[in-house]
Amino acid sequence: MDALGNRIVVVAFDGWNDAGEAASGAIEMLRESTEYELVHTVDPELYFDYQYTRPSTKMDATGHRDLRWPEAALWRPAAPSADGSPEFWLLTGVEPARTWQAFANEFIDIALRDDVTGFITLGAMLSDVPHTRPISIFASSANEQVREALGLERSLYEGPVGILSVIEHFAERAGIPTANLWASVPHYVASAAPSPKATLALLDRLEEMTGIDMPRDRLRTDAATWEASIDAAAADDEEMTEYIHQLERTRDTWDSPEASGDAIAQAFERYLRRRGDGPGDHKR
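Rules and cut-offs
- Residues numbered from 1 in each chain as written.
- Predicted model: local features only at pLDDT ≥ 70, side-chain atom pairs only at ≥ 80, totals over all residues.
- Heavy atoms only, no water.
- Patch = residues over 30% accessible without salt bridge, like charges linked within 9 Å, V, L, I, M, F, W, Y side chains within 5 Å.
- Areas by Shrake-Rupley, 256 points an atom, 1.4 Å probe, with all protein chains shown as cover.
- Salt bridge = Lys/Arg side-chain N within 4 Å of Asp/Glu carboxyl O.
- Lys, Arg positive; Asp, Glu negative; His and termini not counted.
- Charge placed at Lys NZ, Arg CZ, Asp CG, Glu CD.
- Helix = DSSP H or I, 4+ residues; strand = E, 2+ residues; numbered from the N terminus.
- Buried < 20%, exposed > 50% of the residue type's maximum accessible area, 1.4 Å probe, protein only.
- Axes fitted to C-alpha atoms, helices over the stretch in contact; angles between N-to-C directions.
- Parallel < 35°, antiparallel > 145°, perpendicular 65-115°, else oblique.
- Left-handed = near helix turned anticlockwise from the far one by under 90°.
- Contact = heavy atoms within 4.5 Å.
- Nonpolar A, V, L, I, M, F, W, Y, C, P; charged D, E, K, R; others polar.
- Pairing = 2+ DSSP bridges.

### Topic: a negative patch on the surface
Judged by side-chain charge, Asp236, Asp237, Glu238 and Glu239 come together as a negatively charged surface patch. In this fold, Glu239 is placed in helix H8 (residues 238-254). A relative accessible area of 68% means that Glu239 is categorised as exposed.

### Some details on the pattern of salt bridges
The tally for this structure, following the rule as stated, stands at 14 salt bridges. Across the salt bridge formed by Arg7 and Glu87, the nearest N and O atoms sit 3.7 Å from each other. Of this pair, Arg7 sits in strand S1 (residues 7-14) while Glu87 sits in strand S6 (residues 87-94); the two residues are 80 residues apart in sequence, bridging distant segments of the chain. Looking at Glu87, the relative accessible area reads 9%, which means it is buried. One salt bridge in this structure joins Arg133 and Asp252, with 2.9 Å as the shortest N-O distance. Residue Arg133 is located in the loop between strand S7 (118-127) and strand S8 (137-140), and its partner Asp252 is located in helix H8; the two are separated by 119 residues in the primary sequence. Three or more residues joined by partner-sharing salt bridges are found here, namely Glu32, Arg218 and Asp222.

### Remarks on unusual backbone geometry
The backbone of Thr99 sits at a positive phi, close to 45°, despite the residue not being glycine. Mapped onto the elements of the fold, Thr99 is located in the loop between S6 and helix H3 (100-113). Positive phi outside glycine occurs at Asp115, with the angle close to 60°. Its place among the elements puts Asp115 in the loop between H3 and S7.

### So, the packing of helix H1 (residues 22-33) against helix H6 (residues 196-210)
Running from amino to carboxyl end, H1 crosses H6 at an angle of 60°, the nearest separation of the two axes being 8 Å. What the angle tells us is that H1 and H6 run oblique. The interaxial crossing formed by H1 with H6 has right-handed handedness. Every residue of H6 that contacts H1 at Ala22, Ala23, Gly25, Ala26, Met29 and Leu30 is listed here: Ala198, Thr199, Leu202, Leu203 and Leu206. Of the residues belonging to the contact of H1 with H6, the class tally is nine nonpolar, two polar and no charged.

### Considerations on the pairing of strand S5 (residues 72-77)
Most of S5 is tucked away: five of the six residues are buried. Here five bridges tie strand S2 (residues 36-41) to S5, and the two strands are oriented antiparallel to one another. Residue pairing in the sheet places Leu38 in a bridge with Trp75 of S5.

### Some points on the pairing of S7
Of all 10 residues that make up S7, 10 are buried, and the element is covered over most of its length. Of the two faces of S7, both are covered, the one formed by Gly118, Ile120, Leu122, Ala124 and Leu126 as well as the one formed by Phe119, Thr121, Gly123, Met125 and Ser127. Pairing analysis gives four bridges linking S1 to S7, with the strands arranged parallel. Opposite Val11, over in S7, you have Thr121 as the bridge partner.

Below, the structure is given as structure tokens:
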């Protein structure tokens, strides 16, 4: 855990990095588990295209209509750790539409000012995986020390990226180590968003990586209900059932004792290249 220090920013954005709302769902669970206070929020005029990400209105309890703009913000625990044990800060919001370098640098400057020690980005992509098996998490880092300390992979992906990869790049350049976790969400249940099973898998791996405990019993129940609902839908569709069995056979081969970690990582990279996107890119 020393590789990422004790003040870790967990990053997730709505949008193309967030299949099944798995990553943003993980941030939401973290927000619910601890009281947070706002550190910094961006000026939406600088980074968002309102024709793509429109402002919205909402009525409060008194009937007053409030106008809400798309946002991206950094949050810290309201009660910081007194003994120096690891804690999560949260960076979340809507993926910006423009000036990504300025956007990333704005948050990196705040991180440097507040002595942030590490970043962990969370993403999710639609993949050829079965909903009946554990959700695959690809854990990697561009930082050699982090990879060695936490046993992570080194991604060999080359191609288009999203805002997560940009933030990772600028954080590493500023001397703040990073790691990233990507969940593989079954593509055939894309319309059944959100995907609590993928959110649970991200949080399980996040706890394993950092040692920070987080309650998620409700999420386990939601994940089981989600899986059961897809089972019920597939039971009435022979073609879908056979397709799921095919995915299960492929996944079981990956999980067999004969399959090495390198082989699985290589298969993951081949899948990304076949899609033409990858970690940091869109979810469709």
